[in-house]
Amino acid sequence: MWGGRYAEGPSAIMREINASIGFDRKMWRQDIRGSLAHARMLAHVGVIGAEDLAAIERGMEQIAGEIEAGKFPFDETLEDIHLNIEARLTERVGEAGKRLHTGRSRNDQVATDFRLWVRDAADGLIAQIEDCMRAFLGVADDHTGTLMPGFTHMQPAQPTTLGHHMLAYLEMLSRDLGRMRDARARMNECPLGAAALCGTGFPIDRHATAAALGFDGPTRNSLDSVASRDFALEFLAACAICATHLSRFAEEMVLWTSPAYGFVRLGDGLTTGSSIMPQKRNPDAAELVRGKTGRINGALIGLLTVMKGLALTYAKDMQEDKEGVFDAAASLSLCLAATAAMLRDMQPDIARMAAAAGAGFSTATDLADWLVRELHLPFRDAHHVTGKLVAKAESMKVDLSGLTITEMQAVEPRITTAVFGVLTPAASVASRNSYGGTAPANVAAMVKLWREKLA
């Protein structure tokens, strides 16, 4: 490509470290789209002729067919997908292929192709996030009143419902959806025409190429156009946060499917056995969602590290921007699909969850609240009284409702038998009717709201 300046070709090690065709061939569709938009614009402004455009369009159609059929002769000595396609085009259509690169550089070409690829990936992930939200919503709808323990510090805290728990993840994913949509909106500016870094003297129409490629408009600064990868960083950040949310749910699936919890069961299709222990049912789908999150987070840190020391504008370091993005997008797509599949497959053990909902003195806060409401104790005094009653119940190896009224009155004489009405998990969740609370009526209302939002 630069034989006019160089008398000798690159060394073997230079070819190996310099080539990106092994991974950036993923962008072939975007490269052809960008090149066709550029060629049509060049013809429109009179930089190339109509015959050249027709030849380029014909050649690109043939190249797309070759790649689709697995017959394209990828060549590592041509470094990347951009030069591979341009060289093949010139082989097929001659001089017209050599005119295609007029008014652009690989710098703006790759920035455009990469934005197109990331934008396409964002569109796919947006649809998958919405599908996963619907899967969480389906479980919430089926279990608005299904009791389960709520935890803090991994200790039983207060009773909640499975529906409310599922809606918590739906809320997280709704923010992930917003982040992905925001990232997609911000990346939707077209760098094509920025050329190497300072624009071009040819009479190009950057607004036309931006419109042809579905961008909102062209980027406004040619230096920034080729120097920046924050669109990829923001995409990776959205992926990493979403994956972290999925990983938290995956951790709960690992716990909940264990015999110690026994809250849910996953079918054969989403679990694996052991090569030596015939009884095993391993939640490998959940574990791999949890594990792949590390790869996605690593991709974000990797690209941040690549970009942090680069002066304007383009540097070859930026070739390292793609593999992590490609891998993160594929990994998150798989994690979303696996999570949605687990949600639609899992079978909750309602009785087991209900029994666990009352464990660990989970209605102690309800007792304290009753003391405040009915006896007008200051909350700190009510907290102290309840703590004494918990200690008494613990020493007697019963739960709070297992204490007699006499035993309770030994701690606080004004307690009446009405207190037993608040000591069941069902009464506890029903009472939590503040906005956003766990009461089944609240959960049902939120399910209805999300049904409408996701319609």
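Residues numbered from 1 in each chain as written. Predicted model: local features only at pLDDT ≥ 70, side-chain atom pairs only at ≥ 80, totals over all residues. Heavy atoms only, no water.

To continue, consider the overall build of the protein chain. Scanning the protein chain from N- to C-terminus turns up 19 helices and 6 strands. In terms of overall dimensions, the protein chain is more spread out than a globule: its C-alpha atoms have a radius of gyration of 30 Å, far above the 23 Å expected for 455 residues. Principal axes of the C-alpha set define a box for the protein chain whose edges measure 100 × 55 × 40 Å. Counting all 455 residues of the protein chain, 48% fall into the buried class. A separation of at least 24 residues holds for 74% of the contacts in the protein chain among residues at least 6 apart in sequence. Roughly 21,300 Å² of accessible area belongs to the protein chain as shown, and the carbon and sulfur atoms make up 54% of that amount. (Helix = DSSP H or I, 4+ residues; strand = E, 2+ residues; numbered from the N terminus. Rg over C-alpha atoms; globule rule 2.2 N^0.38 Å. Buried < 20%, exposed > 50% of the residue type's maximum accessible area, 1.4 Å probe, protein only. Contact = heavy atoms within 4.5 Å. Areas by Shrake-Rupley, 256 points an atom, 1.4 Å probe, with all protein chains shown as cover.)

Once that is clear, we can look at a nonpolar patch on the surface. There is a patch of nonpolar side chains on the surface, built from I13, M14 and I17 and spanning about 330 Å² of accessible area. The residue I13 is located in helix α1 (residues 12-18) in this model. In this structure I13 comes out as exposed when scored by relative accessible area, which is 59%. (Patch = residues over 30% accessible without salt bridge, like charges linked within 9 Å, V, L, I, M, F, W, Y side chains within 5 Å. Salt bridge = Lys/Arg side-chain N within 4 Å of Asp/Glu carboxyl O.)

Bringing the nonpolar core into the picture now. Ranked by internal contacts, the top residues of the largest apolar core, which has 78 residues, are M166, M180, F235 and L332. If near-sequence neighbours (up to four positions away) are discounted, F235 is found in contact with V118, A121, A122, L125, M180, A183, M187, V325 and A329. Membership of the second largest hydrophobic core comes to 22 residues, among which are I21, I56, F72 and A96. (Core = buried A, V, L, I, M, F, W, Y, C linked by side-chain atoms within 4.5 Å.)

Right, let's talk about the packing of aromatic side chains for a bit. For the coordinates displayed, the defined rule picks out 10 aromatic pairs. For the ring pair F114 and F326, a centre distance of 6.4 Å and an interplane angle of 90° mean the geometry is edge-to-face. Placement of F114 in helix α7 (residues 106-142) and of F326 in helix α13 (residues 322-345) is noted, with a sequence separation of 212 residues between them. Relative accessible area serves as the criterion here: at 0%, F114 is assigned to the buried category. (Phe/Tyr/Trp six-rings, centres within 6.5 Å; stacked < 30°, edge-to-face > 60°.)

Bringing the side chain of D113 into the picture now. Along the polypeptide, D113 turns up in helix α7. Although buried, D113 forms no salt bridge, and the nearest oppositely charged side chain, R104, lies 6.3 Å from it. One polar contact links D113 to H82, side chain to side chain, over a distance of 3.1 Å. Setting aside anything within four residues of it in sequence, one finds D113 in contact with M27, Q30, D31 and H82. (Lys, Arg positive; Asp, Glu negative; His and termini not counted. Polar contact = N/O pair within 3.5 Å; in protein donor to acceptor, adjacent residues only side chain to side chain.)

This next bit is on the side chain of T146. Here T146 lies in the loop between α7 and β1 (147-152). A relative accessible area of 9% means that T146 is categorised as buried. Among the polar contacts listed, one links the side chain of T146 to the side chain of H143, at a separation of 2.9 Å. Not counting chain neighbours up to four residues away, the residues in contact with T146 comprise T160, T161, L162 and I350.

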